[in-house]
Structures are given as structure tokens and as C-alpha cells.
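Here is what each chain is made of, one letter per residue.
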Amino acid sequence: MGNLLKVLTREIENYPHFFLDFENAQPTDCEREVWNQVNAVLQESESILSGLQAYKGAGQEIRDAIQNPNDMLLQERAWNSVCPLVIRLKKFYAFSLKLEQALQSLLESLTCPPYTPTQHLEREQALAKQFAEILHFTLRFDELKMRIPAIQNDFSYYRRTISRNRLNNMNLDIENEVNNEMANRMSLFYAEATPMLKTLSTATTNFVTENKTLPLENTTDCLSTMASVCKVMLETPEYTSRFNSEDTLLFCMRVMVGVIILYDHVHPNGAFNKSSKIDMKGCIKVLKDQPADNVEGLLNALKFTTKHLNDESTPKNIRTMLQ
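Residues numbered from 1 in each chain as written. Predicted model: local features only at pLDDT ≥ 70, side-chain atom pairs only at ≥ 80, totals over all residues. Heavy atoms only, no water.

Named according to an unreviewed UniProt entry, the protein is Family with sequence similarity 49 member A originating from Danio rerio. The record held by UniProt for the protein lists under Sequence similarities (unreviewed entry) the comment "Belongs to the CYRI family." The Subcellular location (unreviewed entry) comment attached to the protein in UniProt states, word for word, "Membrane". (UniProt positions renumbered as here; feature names shortened; annotations may be inferred.)

So this is what it looks like as C-alpha cells:
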């Protein structure tokens, strides 16, 4: 338990100052059940990222097939190239559903009465670390996906071809894997610029809607506390010097941006409003103090995947910082 420093004073409860050990936190007995459930999902995350990173697409085969519509050999080659890719895309989509369930389990644990978000983070560091790992994975996945336009091209070709082949009564074994309903859901998922973030935002919003007896503040305070903890850790040399790995710095930045985006989707006034419990100016400054290559994707995520940035209530200096 000794990994978390106590909040220094009660007055700074809005911007808590403490060290959350993202590198070494281990589950206590009372965290174990949820931790095991979430861990089973997180163990798949690296292979999902590797699969996405290795995604090459079937662009050439598709172009050849479209340019030579009567060449059945080229049609077959394109189809045989696209089908395994669609199976892989289905695997990524199925993982997003598991991630959604894992996130909801963590939110349940980290927001339940009688403890405050700060007390939860203190008591359940291993769960807080898993929450952070989900956000870290999500931002990495979406950053990669944005650079692979082949995904939507391949899937569009698959949907067009399967409709045509269905009309020609061709044998379509792949429909056992990806039927029409699944293809519709996958299509909506991949149409998003940041599909995993969208999944988590929706999951968090649904969590709040479905748990009507739980005050909204329990969830928004959990998110704002996480954002504040990350910001303070990033801007305090005493804390960053404790990181064993340089990767923890980027991990911390991704987590901070992830919780800001979730807060912005769930809180009625969003994260940028003056009444927000997140010090947005401080968070953006922390990002801008890092090498540009490390944070360009994160600043873009704040610009393009938040909900309230362009509201009239957003202070002009915040907007200017993100331009």
C-alpha cells in the first residue's frame, strides 16, 4: 500500500497531489476478483496492437480486381486476401466489447460509496493501474488505426462483394464468421476516427445512465482525480524521478488525456468549462512541455475527440493553446 503518498492538504482536494505507482501496484485481496477479470482482457491487448500494427491491407489486390471486373482469377485473389483481414478486424471489434465490460467493472469498483475517489485510488491502486492501462491501450490503438486507411477500404470492398456474391448465390462460408448484423456493427465501429475511445466514452456514459442511484459526481470526480494525479506526477520532478522506465512518462500522458476525454463526454458542462474540476490549462501545458513527436497525437485527441472544446463557455486561452 505504501506506494501512494497521502494528499498533502484538504484545501487542494480539487487538484490532488500524490504519486500513483503505475509501474508496481499489486492487487490486494479485496481487489483480486475484479483485477483477475480485467487482467484476462488486458492480457490480449498487446497481441491486438501487434495485429493492428502488422495490418497491411489488400489495396493492390482490390485495385486489380476493380480494374479487371471480368478476370475471375483477380476477383478470387482479392476476395481471398480480404477475408482473413475481415476476420482480424472482427477480432479487434470483439476486443472493444470486452474492454467496454472491463471498464464498467472498474468504474463500479472505483466509484462506489462510501469512499471518495481519492480514497478509492489510495485503497485500490492496482485497479486504478488497470483503468490507466485500458486508456493507454485505447489511445495507442486509435493512433495506429488513424494511420491505416486500408481498414475502411478493405471492409467496404468486403461488404460490396459479399452483397454481390449473395445475389449470385455463391458459397459464402465467411458469413458464419461475419454475418450482416455483425458487419453493420463493425462498419459503425470503424467509421469512427477513434473507435476505441468512442467505445469507452459510450461505456462511461452508459455506466452513469444505468446507475441512477450513484451520484454523477462519483464518476466525474474519479476521472478528474485521475487527470489531476497524472498532471501533478508529470510536472513534479520528485515524482517523475521515481519512474523506472521512460515509457511511464508517455503512459502517464496518455492516461491523463484519456480521462479528460471521458470526463468531457460524461460531465454536462465538459472538461473545458471554468467550473471543471480538471485544470485544463495545466494539463495542456504539461503536454506542450514534452517533445512534440510524443504529444502531437494526444493534443489532436483533445482537439478532435472531445465534446465541449468548441462550446462558448470554453475560455479563449484554452482554445488558443490547442490551436
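Undergrad: Looking at this structure, how should I read the environment of Y158?
TA: Mapped onto the elements, Y158 comes out in helix α7 (residues 150-167). Judged by relative accessible area, Y158 falls into the buried class, the value being 1%. The sequence separation of Y158 and V232 amounts to 74 residues, and the corresponding C-alpha distance is 47 Å. (Helix = DSSP H or I, 4+ residues; strand = E, 2+ residues; numbered from the N terminus. Buried < 20%, exposed > 50% of the residue type's maximum accessible area, 1.4 Å probe, protein only.)

Undergrad: Mind showing me how you'd approach the side chain of D154 here?
TA: With respect to the helices and strands, D154 occurs in helix α7. Despite its burial, D154 pairs with no opposite charge; the closest candidate is R63, at 8.4 Å N-O. Discounting chain neighbours no more than four positions away, the residues touching D154 are Y55, G57, A58, G59, I62, V82 and L85. (Lys, Arg positive; Asp, Glu negative; His and termini not counted. Salt bridge = Lys/Arg side-chain N within 4 Å of Asp/Glu carboxyl O. Contact = heavy atoms within 4.5 Å.)

Undergrad: Please clarify how the nonpolar core should be interpreted in this entry.
TA: One recurring pattern in soluble globular proteins: nonpolar side chains tend to sit buried together. F22, F131, Y158, I260 and L287 are the most contacted members of the largest nonpolar core, which has 101 residues in total. No other element matches helix α4 (residues 72-111), which puts 16 residues into this core. Taken together, domain 1 (21-192) and domain 2 (215-322) each give at least three residues to this core, which thus spans both. Excluding residues within four positions of it along the chain, Y158 makes contact with W79, V82, V86, I174 and V178. (Core = buried A, V, L, I, M, F, W, Y, C linked by side-chain atoms within 4.5 Å. Domains from an automatic or database assignment.)

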